[in-house]
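Structural characterization, general
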Amino acid sequence: MLPTSVLKTAQSEMLDWHGAGMSIMEVSHRSSMFTQVIMETEQLLRELMQIPDHYRVLFLQGGASLQFSMIPLNLMNNRPCDLVNTGYWSIKARQEMSRFGRVREIASGESSQFWSIPAESEWERHDDAAYLYFTSNETISGAQFAILPHPQGNVPLVCDMSSDILSRDINVDDFGLIFAGAQKNLGIAGLAIIIIREDLLDRSNPDAPTLLKYRTQADSCSLYNTPPAYAIYMTSLVLDWLKAQGGVKAIEKLNQEKAALLYQCLDDCNEFYHAPVKPDCRSKMNVVFYLRNKTLDDTFIKEGKLQGLFNLRGHKVLGGMRASLYNAMPLAGVKVLTTFMRDFAQKYG
Ligand SMILES: *Cc1c(COP(=O)(O)O)cnc(C)c1O
């Protein structure tokens, strides 16, 4: 979901953006007006995430999924890479990566059906890896790194943060590359944000297609061709909103509170609901749970809607339920959900 205030601002600026006499969708992406938007968006992101100067921020199309290909295309350089398999999204990334070179799975949560994340101390890391790839939050199974991995030697960490970027304080300096599709915590679909350490720009394969090289995108400040202008504008509004909420530390505290409330409800009603993720890997963004009596699933969804609760059905590969508590979900929304869930368990339990 998006913050209501962001939608209202977008609405009020739709016909006349800052006195331009037209919407931001209609100005040229080469105009000073749009340059201002993209520069401000980058500045806000740098401020909120405390991105050091030797990192570049790129605004690209193709969603998060294109990065599954762009990363190996640009960074693998005929070397093997290491990957931590935490489930659905790391498997998708591995599939693409393995087209470019050898991917070594140095740890896997598969034996626990990905309901837990293998401890960093047990990973078999290699010093010769081009990079170490992982997914900080597995959106579908709801397992999240409670503590992010630590860099080791000269192997850059590469992380898919699509579903938890800006939800908690992180140290960008620990990473070689961070990427995220914008549609979960940053805005709307059509945009991916890449934060890349400058020295990695020059590992790109010189024969790679022009548009798919990070170097091209960095040199042209993401304006090599027409960027996803409206999606960038929406991200600027979301970042403005986040800053007004007190920034990442403030939202992290709120996110902890939201998740704690929901997991407490699941634990309290444990005879009715089942939360499969190992407690120390529980995602604060995507809370996955099952009704022990799954013949009640449709009733749960139907009665939830009557309370204004939408999008509770789990991903099709796992079934069950999933409550996404992205940054824009207010604490009040989680309270409505837990009240509904407790009442529902009482009524049908
Ligand atoms: C949603 C998601 C993706 C895919 O994003 P697209 O922009 O649709 O390609 C990739 N990784 C994670 C962790 C996600 O949550």
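Please refer to the structure higher up on the page.
Let us look at the structure shown here. (Residues numbered from 1 in each chain as written. Predicted model: local features only at pLDDT ≥ 70, side-chain atom pairs only at ≥ 80, totals over all residues. Heavy atoms only, no water.)

**Overview of helix α3 (residues 63–75)**
Its 13 residues give α3 an end-to-end C-alpha distance of 18 Å, which sits within 8% of 18 Å, the value for a rise of 1.5 Å per residue. Along α3, 11 of the 13 residues are buried, which leaves the element largely enclosed by surrounding structure. Along α3, the residues that are buried comprise Gly-63, Ala-64, Gln-67, Phe-68, Ser-69, Met-70, Ile-71, Pro-72, Leu-73, Asn-74 and Leu-75. Asn-77, located one to two residues past α3, shows a positive phi value of around 55°. (Helix = DSSP H or I, 4+ residues; strand = E, 2+ residues; numbered from the N terminus. Expected span 1.5 Å × (residues − 1). Buried < 20%, exposed > 50% of the residue type's maximum accessible area, 1.4 Å probe, protein only.)

**Quick look at the pattern of salt bridges**
The full count for this structure, using the stated rule, is 18 salt bridges. Asp-128 is the salt-bridge partner of Arg-104, the closest N and O atoms lying 2.9 Å from each other. Here Asp-128 lies in the loop between β3 (103–108) and β4 (132–135) and Arg-104 lies in strand β3, a separation of 24 residues in the sequence. Taking the shortest distance from any N to any O, the salt bridge between Arg-215 and Asp-202 comes out at 2.8 Å. One end of the pair, Arg-215, is in helix α5 (residues 214–219); the other, Asp-202, is in the loop between β9 (192–197) and α5, and 13 residues separate them in sequence. Residue Arg-215 is classed as partly exposed on the basis of its relative accessible area of 25%. On the basis of relative accessibility, which here comes to 54%, the residue Asp-202 falls in the exposed class. One salt-bridge network, held together by shared partners, links Asp-82, Arg-104 and Asp-128. (Salt bridge = Lys/Arg side-chain N within 4 Å of Asp/Glu carboxyl O.)

**As for the site of the ligand**
Around the ligand there are 13 residues in total, and Ser-65, Thr-139, Asp-160, Gln-183 and Lys-184 lie nearest to it. Separating an oxygen atom of the ligand from a side-chain N or O atom of Gln-183 is a distance of 2.8 Å. Against a free-state accessible area of 390 Å², the protein chains account for coverage of 86% of the ligand. The greatest single-element share of the shell around the ligand, amounting to 4 residues, is contributed by α3. When its residues are assigned to classes, the shell around the ligand shows 3 nonpolar, 8 polar and 2 charged. (Near = heavy atom within 4 Å. Polar contact = N/O pair within 3.5 Å; in protein donor to acceptor, adjacent residues only side chain to side chain. Areas by Shrake-Rupley, 256 points an atom, 1.4 Å probe, with all protein chains shown as cover. Nonpolar A, V, L, I, M, F, W, Y, C, P; charged D, E, K, R; others polar.)

**Focus on the sheet that holds strand β7 (residues 157–160)**
Note on sheets: strands pair through backbone hydrogen bonds, and any given pair is parallel or antiparallel. Strands sit in the order β1-β9-β8-β7-β4-β2-β3 across an open sheet of 7 strands; the sheet is mixed. This sheet does not close on itself; its edge strands, each paired only once, are β1 (55–60) and β3. Averaged over all neighbouring strand pairs, the angle between strand axes comes to 20°, with direction disregarded. As paired strands, β7 and strand β8 (residues 177–181) are joined by 3 bridges and run parallel to one another. Bridging from a neighbouring strand, Val-158 pairs with Leu-177 of β8. The strands touched by helix α2 (residues 32–49) within the sheet are β1 and β9, with β1 carrying the most contacts at an inclination of about 130°. Strand contacts of helix α4 (residues 88–97): β2 (81–85), β3, β4 and β7, with the helix running at about 155° to β2, the strand carrying the most contacts. (Pairing = 2+ DSSP bridges. Axes fitted to C-alpha atoms, helices over the stretch in contact; angles between N-to-C directions. Contact = heavy atoms within 4.5 Å.)

**Concerning a nonpolar patch on the surface**
A cluster of nonpolar side chains, namely Met-14, Leu-15 and Met-25, defines an oily patch on the protein surface of about 320 Å² accessible area. Tracing the chain through its elements places Leu-15 in the loop between α1 (4–12) and α2. Since its relative accessible area comes to 73%, Leu-15 is described here as exposed. (Patch = residues over 30% accessible without salt bridge, like charges linked within 9 Å, V, L, I, M, F, W, Y side chains within 5 Å.)

**Overview of the packing of α1 against helix α6 (residues 229–244)**
Two elements in contact, α1 and α6, have axes whose closest approach is 9 Å; the angle formed by their N-to-C orientations is 135°. By the angle between their directions, the pair α1 and α6 is classed as oblique. As for how α1 packs across α6, the hand of that crossing is right-handed. Packed against α1, whose contacting residues are Ser-5, Val-6, Thr-9 and Ala-10, the element α6 presents Tyr-230, Tyr-233, Met-234, Leu-237, Val-238 and Trp-241 at the interface. A breakdown of the residues in the contact of α1 with α6 according to their chemical character gives 8 nonpolar, 2 polar and no charged. (Parallel < 35°, antiparallel > 145°, perpendicular 65-115°, else oblique. Left-handed = near helix turned anticlockwise from the far one by under 90°.)

**Focus on the sheet that holds strand β12 (residues 321–324)**
If you trace the 3 strands from one edge of the open sheet to the other, you get β10-β11-β12, paired in antiparallel fashion. With partners counted over all chains shown, the strands left at the sheet margins are β10 (273–274) and β12, one partner each. In this structure, β10 lies alongside strand β11 (residues 286–291), joined through 2 bridges in antiparallel fashion. Within β11, the residue paired with His-274 across the bridge is Tyr-290.

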